[in-house]
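# Secondary and tertiary structure notes
So you can see what is in the structure, the chains are spelled out below.
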Amino acid sequence: MNVLVINCGSSSLKYQVIHAESEEVLAKGLCERIGIDGRLVYQPKGGEKEITESPMPTHTEAVRMVLDALVNEKSGVLKSLDEIDAVGHRVVHGGEKFANSILIDEEVIQAVEECSDLAPLHNPANLIGIRACRQVLKDVPMAAVFDTAFHQTMPQEAYLYGLPYEYYEKYKVRKYGFHGTSHSYVSKRAAELLGRPYDSLKTIVCHLGNGASICAVKNGKSVDTSMGLSPLEGLIMGTRSGDIDPSAVEFLAKKENLDLEGIVKVLNKESGVYGLSGVSSDFRDLDQASEEGNGRAKAAVDAFCYRAAKYIGSYAAAMNGVDVICFTAGVGENDGKVRAKICGYLGYLGMTLDEEANRTRGEEVRLSTADSKVTALLVPTNEELAICRETVALIK
Ligand code: ADP
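Okay, so let's go over this structure. (Residues numbered from 1 in each chain as written. Predicted model: local features only at pLDDT ≥ 70, side-chain atom pairs only at ≥ 80, totals over all residues. Heavy atoms only, no water.)

### Structural notes on the sheet that holds strand β10 (residues 212–218)
If you walk across this open sheet you meet the six strands as β11-β10-β9-β12-β14-β13, and the pairing is mixed. The open sheet has two free edges, formed respectively by β11 (221–225) and β13 (365–366), since each of these has just one partner strand. Sheet analysis places β10 next to β11, joined by four bridges and oriented antiparallel. Paired with V217 across the bridge in β11 is S222. Sheet contacts for helix α6 (residues 180–194): β9 (202–208), β10, β11, β12 (324–328), β13 and β14 (375–378); angle to β9, the most-contacted strand, approximately 130°. (Pairing = 2+ DSSP bridges. Helix = DSSP H or I, 4+ residues; strand = E, 2+ residues; numbered from the N terminus. Contact = heavy atoms within 4.5 Å. Axes fitted to C-alpha atoms, helices over the stretch in contact; angles between N-to-C directions.)

### Considering the site of the ligand
In the vicinity of the ligand lie 13 residues, with N210, G211, F283, G330 and N334 positioned nearest. Within the backbone of N210, an N or O atom sits 3.1 Å from an oxygen atom of the ligand. Interatomic distance of 3.4 Å between a side-chain N/O atom of R284 and a nitrogen atom of the ligand. Here the ligand, which alone exposes 580 Å², has 68% of that area covered by the protein. (Near = heavy atom within 4 Å. Polar contact = N/O pair within 3.5 Å; in protein donor to acceptor, adjacent residues only side chain to side chain. Areas by Shrake-Rupley, 256 points an atom, 1.4 Å probe, with all protein chains shown as cover.)

### What to know about the packing of aromatic side chains
Per the counting criterion, the structure on display carries seven aromatic pairs. A centroid spacing of 5.9 Å and a plane angle of 50° characterise the contact between Y159 and Y168, whose relative ring orientation is tilted. Given the relative accessible area of 10%, Y168 is considered buried. The rings of Y159, Y165 and Y168 are connected pair by pair, giving a single aromatic cluster. Just above the ring of Y168 sits the side chain of K172; from NZ or CZ to the centre is 4.7 Å. Its end group placed over the ring of Y159, R174 keeps NZ or CZ at 3.6 Å from the ring centre. (Phe/Tyr/Trp six-rings, centres within 6.5 Å; stacked < 30°, edge-to-face > 60°. Buried < 20%, exposed > 50% of the residue type's maximum accessible area, 1.4 Å probe, protein only. Lys NZ or Arg CZ within 6 Å of the ring centre and 35° of its normal.)

### Some words on the packing of helix α11 (residues 295–318) against helix α13 (residues 336–343)
Remark: α11 packs on α13, axes separated minimally by 8 Å, with the N-to-C direction vectors making an angle of 50°. In this view, α11 runs oblique relative to α13, as classed from their interaxial angle. Relative to α13, α11 is oriented so that their crossing is right-handed. Taking contact as the criterion, the partners of V301, D302, F304, C305, A308, A309 and I312 in α11 are, on α13, V338, K341 and I342. (Parallel < 35°, antiparallel > 145°, perpendicular 65-115°, else oblique. Left-handed = near helix turned anticlockwise from the far one by under 90°.)

### Details of unusual backbone geometry
One non-glycine residue, E23, lies in the positive phi region at around 60°. One can find E23 in the loop between β2 (13–19) and β3 (24–32). Phi is positive for H179, close to 60°, though the residue is something other than glycine. Along the polypeptide, H179 turns up in the loop between α5 (165–171) and α6. H179 gets classed as buried once you look at its relative accessible area, which sits at 10%.

### Observations concerning a nonpolar patch on the surface
On the surface, L163, Y167 and Y171 cluster together into a nonpolar patch covering about 310 Å² of accessible area. Position of L163 among the secondary structure elements: in the loop between α4 (156–159) and α5. (Patch = residues over 30% accessible without salt bridge, like charges linked within 9 Å, V, L, I, M, F, W, Y side chains within 5 Å. Salt bridge = Lys/Arg side-chain N within 4 Å of Asp/Glu carboxyl O.)

### What to know about the sheet that holds strand β5 (residues 50–53)
Across a sheet, paired strands are connected by hydrogen bonds in the backbone, their directions being either parallel or antiparallel. Reading across the sheet, the eight strands line up as β5-β4-β3-β2-β1-β6-β8-β7 and stay open at both edges, with mixed pairing between neighbours. Lying at the two open borders of the sheet, with one neighbouring strand each, are β5 and β7 (102–103). As paired elements, strand β4 (residues 39–44) and β5 share four bridges and run antiparallel to each other. Paired with R39 across the bridge in β5 is E53. Lying over the sheet, helix α1 (residues 59–71) contacts β1 (2–8), β2, β3, β4 and β5, oriented at roughly 35° with respect to β2.

What follows is the structure, encoded as structure tokens:
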């Protein structure tokens, strides 16, 4: 069975075709600059990356181009489109409606649309991808896999904000959390790697990428996570501020003469380690700049690590302990310095890092020493594979 996994943004569409039984990626790539000019990147298994510039006025053309590439005589990996048995769509916000992945029908589309209020940047783009696929692949079953679903197990004390309760009742303003597919995949994989039952572990997953969030997983269920109503809450990220005093919004709006939209743009796109350093949102650049003596770059990374360590501490408290701490995503998988700095705060938990193991990049490995009381693991995330598995499970 082959599953086409789609992650659709407003002007981009990332895809993978995964053979479900072997979990092998047959082809992957992305469409970029949809609605602007259009570029398809296509890479078949074991083959060279191909880049095709071609107009893509809408996502429907983008989907058609991906499908054409997949069945192309020269470098295609499928004989015909009949070999696509299912499509798994990443959907960002499922609100309180979706605690699990679901097979897509008109009713589901409607419900995702109703959640768009909560994720105005993401859900409409995801829906465009769903509609484009339905138009082109007509009867192929499709699943929606939500970033928020895994966190629907959070207890009320974790997801309620200290706001008038009627805002929760009227508008569903609460913590939802994101990166759920990744937190679920990584925490499960950690239990497998340790040979321990998933439902008996207290795990903290640090998904540190350009977007970053931390999740407390107790006995196989998300009990708290750092992102909130939107992905803006929590950690200091690449360009997002994470937690700030809400009063800063009014203060800055007045000082900088910005309207709400302007402030929200600053918080999402001009803040985080990028805004702090004035150098870059990329930790490789920050590392280089710090080495060259740039104090702001160092301060940005220090603040990032400190915030992460504080969240880990609060989740150890929330779960009354922690057995394993996992690092994943671009920074978590590659940046040993960041991992070491974060773990440096965790001595009180009995965490000792194995410096040699901590040189590892992008591979599953135990990062802590054998006698460390808390285990640290590097577990590369694989959201596409997780979406593929969810899709197959629903179809079966
Ligand atoms: P997202 O999916 O949120 O866009 P990723 O998980 O792909 O982000 O992470 C991207 C980030 O990972 C980059 O911005 C960079 O900061 C970091 N990164 C990638 N490779 C390395 C590396 N070798 N060393 C340090 N940081 C890295």
